[in-house]
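Survey of secondary and tertiary structure
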Amino acid sequence: MQSTHVEPLHRTWIHSDRFVPRQFVRPAMSFMKLEAASGIVMLIAAIAAVVWANVAFDSYDSIIHTHTAIAFGSWHLDLHLG
């Protein structure tokens, strides 16, 4: 049985031969189709978090103790992460 492939009437940006779609978008889309992609992303995020939490700099600690407030008239939201 022969499969017939119908070309779209116009090519989208993703399917163009421009640099960004060719080098970044299409490979990222192919990666996201893999079942293991979410596990790989989570593993990389976990390794980055462990490294970030254990470096000698105070960036992790300063973000955890960040105080944020947003107010609109009488409504306000006060957040503290730590």
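Refer to the preceding data block for the structure.
So, a few notes on the structure that sits alongside this text. Nothing here was measured: the structure is a model prediction, and the numbers come from that model.

1. Notes on the overall build of the protein chain
- A count of helices and strands for the protein chain gives 3 helices and 2 strands.
- When its helices and strands are written in sequence order, the protein chain yields α-α-α-β-β.
- The buried share among the 82 residues of the protein chain stands at 5%.
- Surface exposure of the protein chain reaches about 7600 Å², of which carbon and sulfur atoms provide 67%.

2. A short note on the side chain of serine 16
- Relative to the assigned elements, serine 16 resides in the segment before helix 1 (19–32).
- A polar atom in the side chain of serine 16 sits 2.7 Å from the backbone oxygen of tryptophan 13.
- Look past the residues within four positions of serine 16 in its chain and what remains in contact with it is Arg11, Pro21 and Arg26.

Criteria and thresholds
- Residues numbered from 1 in each chain as written.
- Predicted model: local features only at pLDDT ≥ 70, side-chain atom pairs only at ≥ 80, totals over all residues.
- Heavy atoms only, no water.
- Helix = DSSP H or I, 4+ residues; strand = E, 2+ residues; numbered from the N terminus.
- Buried < 20%, exposed > 50% of the residue type's maximum accessible area, 1.4 Å probe, protein only.
- Areas by Shrake-Rupley, 256 points an atom, 1.4 Å probe, with all protein chains shown as cover.
- Polar contact = N/O pair within 3.5 Å; in protein donor to acceptor, adjacent residues only side chain to side chain.
- Contact = heavy atoms within 4.5 Å.

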